[in-house]
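A structural walkthrough
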Amino acid sequence: MKVDRRRILETALELLNEVGVDALSTRVIADRLGVRQPALYWHFKNKQALLDALNGEILARASDARTPRPGETWQDFLRRNARSFRAALLSYRDGARVHAGTEAAPDDLDHVEAQILHLAAAGFSPGAALQLFVAVSRFVVGCVLEEQTSPISGSAEQARLDEAARAYPALGEAIAHYREGGHEALFERGLDLIVKGAEVELAQARLPPS
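So, how was this worked out
Counting starts from 1 at the beginning of each chain's written sequence and moves along it residue by residue. For this predicted model, a pLDDT threshold of at least 70 governs which residues receive local features, and a threshold of 80 or more governs which side-chain atom pairs are given and counted, while totals over whole chains, interfaces and linings are taken from all residues. Note: side-chain values were computed over all heavy atoms of the structure, leaving out hydrogens and water. By the criteria applied, helices consist of DSSP H or I runs no shorter than four residues and strands consist of E runs no shorter than two, each listed in order from the N terminus. A 1.4 Å probe rolled over the protein chains alone gives each residue an accessible area, and that area as a share of the maximum for its type sets the label: buried under 20%, exposed over 50%, partly exposed in between. Throughout, a residue-residue contact means that at least one pair of heavy atoms, one from each residue, lies within 4.5 Å. Residue burial considers only the protein chains on display, and all accessible areas are found by Shrake-Rupley using a 1.4 Å probe. UniProt positions are given in the numbering used here, feature names are shortened, and annotations may be inferred rather than shown by experiment. Buried Ala, Val, Leu, Ile, Met, Phe, Trp, Tyr and Cys residues form a nonpolar core when they are joined through side-chain atoms within 4.5 Å. Salt bridge, as used here: a side-chain nitrogen of Lys or Arg that lies within 4 Å of a carboxyl oxygen of Asp or Glu. Orientation is described by lines fitted to C-alpha atoms, with helices fitted over the stretch in contact, and by angles between N-to-C directions that extend from 0 to 180 degrees. Note on angle classes: values under 35 degrees are labelled roughly parallel, values over 145 roughly antiparallel, values of 65 to 115 roughly perpendicular, and the remainder oblique. Residues are sorted three ways: Asp, Glu, Lys and Arg are charged, Ala, Val, Leu, Ile, Met, Phe, Trp, Tyr, Cys and Pro are nonpolar, and all the rest, Gly among them, are polar.

The next subject is the overall build of the protein. Along its length, the protein carries nine helices and zero strands. Beginning at the N terminus, the succession of helices and strands in the protein can be written as α-α-α-α-α-α-α-α-α. Here the C-alpha coordinates of the protein stretch approximately 70 × 50 × 25 Å along the principal axes. By residue count, 37% of the 210 residues in the protein fall in the buried class. In the protein, the proportion of contacts linking residues at least 24 apart, taken out of those at least 6 apart, comes to 69%. When the accessible surface of the protein is split by element, carbon and sulfur atoms take 55% of a total near 12600 Å².

Right, dumping it as structure tokens:
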């Protein structure tokens, strides 16, 4: 039976949620589709090519803030884009691991160009704008990776750490605050620090030479 690229990706995403990225293979996908494994190689030469395609599919389906809105400040766009990216990676099991190490697809560069031009209009050089987007992207991937692999809230591991931290007043208070906020609060705090740091850097770049 002949299968097309779309059907392969649909099946691969279903299996990703079921078995995770480590157990996902062309053999498992072929078995689910009821075809021989070589049939998949017409579309994806190896697992990495498949993961690259899955990453593109995940972003296309779930990340809805890839282009700036008219009149939107660069700060608001950076935050909206980062939150949408995080939501996209969280929408599938091991989403951060699927994304890690991938490059932007050539047919996606219009979004990247629009993003860089938006920051350039605010005063960033194209190089600085790209560096900022890469920094935010890697921050998001790191946050989601931690979130998707961290122990379940209330686990024995967390309980042991919390108990030991009670002997350290400042650390105990800090960990209690950390637990209360959860992953989303930590993500928002880190994102805010990145944006505010970029604001300072941009303001300094605009200062006349002394």
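Still to come is the rest of the account.
What follows covers the UniProt feature "DNA-binding region" (unreviewed entry) in the protein. UniProt's entry tags residues 25-44 with the feature "DNA-binding region" (unreviewed entry), counted in the numbering of this structure. End-to-end, the C-alpha atoms of residues 25-44 are 11 Å apart, and along that stretch the chain is 40% helix and 0% strand.

A separate point is the side chain of aspartate 94. Tracing the sequence through the fold places aspartate 94 in the loop between helix H4 (74-90) and helix H5 (95-99). Among residues more than four places away in sequence, those in contact with aspartate 94 are Leu16, Gly20, Val21 and Gln148.

On to the nonpolar core, then. Ranked by internal contacts, the top residues of the largest apolar core, which has 49 residues, are Ile29, Leu54, Trp74 and Phe124. Sorting the residues of this core by element identifies helix H1 (5-19), helix H2 (26-33), helix H3 (47-62), H4, H5, helix H6 (109-121), helix H7 (126-149) and helix H9 (169-206) as the ones contributing at least two each. Ranked by residues supplied to this core, first place goes to H7 with eight residues. If we ignore the near neighbours within four places in the chain, the residues touching phenylalanine 124 are Trp74, Leu119, Ala129, Leu132, Ala198 and Leu202.

Before going further, it helps to examine the UniProt feature "domain: HTH tetR-type" (unreviewed entry) in the protein. On the UniProt side, "domain: HTH tetR-type" (unreviewed entry) is annotated at positions that read residues 2-62 here. With 64% helix and 0% strand, the stretch residues 2-62 has end C-alpha atoms that lie 28 Å from each other.

Further remarks concern the pattern of salt bridges. With the rule as written, the count across this model stands at 14 salt bridges. A salt bridge links lysine 196 to aspartate 192; its shortest N-O distance comes to 3.0 Å. Taken together, the residues lysine 196 and aspartate 192, both in helix H9 and four residues apart, mark about one turn of the helix. In the salt-bridge network here, residues are joined through shared partners; they are Arg6, Glu10, Glu57 and Arg61.

Attention now moves to the environment of glycine 172. When you line up the elements, glycine 172 lands in helix H9. Among the residues examined, glycine 172 registers a relative accessible area of 23% and is labelled partly exposed. With ten residues separating them in the primary sequence, glycine 172 and aspartate 162 have C-alpha atoms 7.2 Å apart.

Bringing the packing of H4 against H6 into the picture now. Helix-helix packing is characterised by the crossing angle of the two axes and by the distance between the axes. Viewed as axis vectors pointing N to C, H4 and H6 meet at an angle of 150°, and their least axial separation amounts to 10 Å. Between H4 and H6, the crossing angle belongs to the class labelled roughly antiparallel. Here Trp74, Phe77 and Asn81 of H4 come into contact with H6, specifically with Gln115, His118 and Leu119. In the contact of H4 with H6, the residues fall into three nonpolar, three polar and no charged.

Checked against the element boundaries, arginine 66 lands in the loop between H3 and H4. With sequence-adjacent residues up to four places away left out, arginine 66 is seen in contact with Leu59, Ala60, Phe77, Asn81, Asp108, His111 and Gln115.

With that settled, consider the environment of histidine 183. Along the chain, histidine 183 falls in helix H9. If near-sequence neighbours (up to four positions away) are discounted, histidine 183 is found in contact with Arg86, Glu146, Glu147 and Ser150.

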